[in-house]
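Structure assessment
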Amino acid sequence: PARAPLTGASHKVPIKTVAQVLSQAAGARRIAIWFDPREENSVNERDELVRSLKQLGQPFEVLRVVPDAQEDKAVRGVAEKSAACCEVLYLPSTSSYIDAGERWIAIAREAGLLVAGGSVAFMDSGAAMAISGDYYERGQTVADLAGRILRGEHPGDIPVDVVDGTEAKIVV
């Protein structure tokens, strides 16, 4: 069989680690998880997080939020619903959420939610914490992979480098 000409470095933190951090965050009794059904990454992250939180016995609430379709008024309603049942809001690191992050985080904070995100990009928007891989370290890893390829290694022979739970960065 032919080798796939693929390799790379992922910044994604294992969802089990994310679930453990969220379940300990700010005495959270219940966690709100927003997801965008149009983004496969958001749906997959939601599904993995739900499985992990169930294994931990951590209560949660999943809410569908579509950035283009929901104006700030609708997002306020979702934030208020989230705050009525939860203490912490988790925003996955999907592009649509990062784009809407600043407005949404402000709305969620006004509703009384502690916001945790799956990307350090959310920190600049006012999130209380981010659970992510270290982007600088990931960049170094990609440079190392590129060097190996330039020296003649076949990309398909180089495994994708992933963040393990001990490499996760929790930015508060």
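Rules behind the numbers
- Residues numbered from 1 in each chain as written.
- Predicted model: local features only at pLDDT ≥ 70, side-chain atom pairs only at ≥ 80, totals over all residues.
- Heavy atoms only, no water.
- Helix = DSSP H or I, 4+ residues; strand = E, 2+ residues; numbered from the N terminus.
- Buried < 20%, exposed > 50% of the residue type's maximum accessible area, 1.4 Å probe, protein only.
- Contact = heavy atoms within 4.5 Å.
- 1 Å grid on protein atoms, 1.4 Å probe; cavity = no way out; pocket = protein on both sides within 12 Å on 5 of 7 lines; lining within 4 Å.
- Points joined across faces, edges and corners; volume = space filled by probe spheres on them.
- Salt bridge = Lys/Arg side-chain N within 4 Å of Asp/Glu carboxyl O.
- Phe/Tyr/Trp six-rings, centres within 6.5 Å; stacked < 30°, edge-to-face > 60°.
- Pairing = 2+ DSSP bridges.
- Right-handed = clockwise from strand over helix to strand, strands pointing away.

Helix and strand counts for the protein stand at five helices and six strands. In sequence order, the secondary structure elements of the protein are arranged as α-β-α-β-α-β-α-β-β-α-β. In terms of principal-axis extent, the alpha carbons of the protein reach across some 55 × 35 × 30 Å. Taken across its 172 residues, the protein has 43% of its residues classed as buried. Of all intrachain contacts in the protein linking residues separated by at least 6 positions in sequence, the fraction that spans at least 24 positions is 76%.

It is worth spelling out the layout of surface pockets at this point. Looking at the largest pocket, its volume works out to about 210 Å³. Forming the walls of the largest pocket are 16 residues, and the residues nearest its centre are His 11, Lys 12, Asn 41, Glu 45 and Ser 93. At the level of elements, helix 2 (40-56) and strand 5 (129-132) are the ones that each hand at least two residues to the lining of the largest pocket. With four residues, the top contributor of residues to the lining of the largest pocket is helix 2.

This paragraph deals with the pattern of salt bridges. If you walk through the whole model with that rule in mind, you get six salt bridges. The partner of Arg 148 in a salt bridge is Glu 153, and the shortest N-O contact between them spans 3.0 Å. A residue is classified by how much of its surface remains accessible, and Arg 148, at 29% relative accessible area, is partly exposed.

What follows concerns the packing of aromatic side chains. If you walk through the whole model with that rule in mind, you get two aromatic pairs. Here the aromatic rings of Tyr 97 and Trp 104 are separated by 5.0 Å at their centres, their planes lie at 65°, and the arrangement is edge-to-face. The same class applies to Tyr 97 as to Trp 104, namely buried. Taken together, the ring pairs in this structure connect Trp 34, Tyr 97 and Trp 104 into an aromatic cluster.

So, on to the pairing of strand 2 (residues 60-64). Pairing analysis gives five bridges linking strand 1 (residues 31-35) to strand 2, with the strands arranged parallel. What sits directly across from Ile 31, in strand 2, is Phe 60. Crossover handedness for the path strand 1 to helix 2 to strand 2: right-handed.

Geometric values such as these leave the question of function open.
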